[in-house]
Amino acid sequence: MPALNVEFSDRELEDLRQIAKERGTSMKALVREAAAADIARHRALQEGAEAFRRFFAAHADEFAAAFPDDELSVQGEGRVA
């Protein structure tokens, strides 16, 4: 499995040791869990943003009618982004 060397300040390293000890896990497992959780959160945010973009695009005319003051000026055909 590929590895990654990560540098921490003395304070951060001591905090990681303490947290790992309190949780009964290794520092390596603690850091890996934190990175995996951040990756999952990032993916979920990307998927949510894409779902919103698709929904908004599918209902753009409805949003335009409901919130006319928020519409950008129109030049030629379509909206200007």
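Shown above is the structure to which this text applies.
Remember, predicted model here, so these are calculated numbers, not experimental data.

Undergrad: Could you clarify how one ought to interpret the overall build of the protein in this entry?
TA: Of the regular secondary structure elements, the protein holds three helices and zero strands. Accessible surface computed for the protein: about 7,400 Å², of which carbon and sulfur atoms make up 56%.

Undergrad: Help me understand the packing of aromatic side chains, please; the structure alone is not making it clear to me.
TA: Aromatic ring pairs are reported here in terms of the distance separating the ring centres and the angle at which the planes meet. On inspection of all chains with the given rule, the structure shows four aromatic pairs. Ring centres 6.2 Å apart and planes at 75° place the aromatic pair Phe-55 and Phe-63 in the edge-to-face group. By relative accessible area, Phe-55 is classed as partly exposed at 45%. Taking relative accessible area as the criterion, Phe-63 reaches 24% and is therefore assigned partly exposed. An aromatic cluster of at least three residues, connected via ring pairs, comprises Phe-52, Phe-55, Phe-56, Phe-63 and Phe-67.

Undergrad: Help me understand the pattern of salt bridges, please; the structure alone is not making it clear to me.
TA: If the charged atoms of two oppositely charged side chains come close together, the side chains can form a pair. Overall, the coordinates contain five salt bridges when judged by the stated rule. With a shortest N-O distance of 2.7 Å, Asp-38 and Arg-41 are connected by a salt bridge. In this pair, Asp-38 and Arg-41 are both assigned in helix H2 (residues 27–58), three residues apart and thus about one turn of the helix distant. A relative accessible area of 41% places Asp-38 in the partly exposed class. Taking the relative accessible area as the measure of exposure, Arg-41 reaches 48% and is therefore partly exposed. Across the pair Arg-54 and Glu-50 runs a salt bridge, and its minimum N-O distance is 3.7 Å. Of this pair, Arg-54 and Glu-50 both sit in helix H2, four residues apart, which is roughly one turn of the helix.

The rules behind each value
- Residues numbered from 1 in each chain as written.
- Predicted model: local features only at pLDDT ≥ 70, side-chain atom pairs only at ≥ 80, totals over all residues.
- Heavy atoms only, no water.
- Helix = DSSP H or I, 4+ residues; strand = E, 2+ residues; numbered from the N terminus.
- Areas by Shrake-Rupley, 256 points an atom, 1.4 Å probe, with all protein chains shown as cover.
- Phe/Tyr/Trp six-rings, centres within 6.5 Å; stacked < 30°, edge-to-face > 60°.
- Buried < 20%, exposed > 50% of the residue type's maximum accessible area, 1.4 Å probe, protein only.
- Salt bridge = Lys/Arg side-chain N within 4 Å of Asp/Glu carboxyl O.

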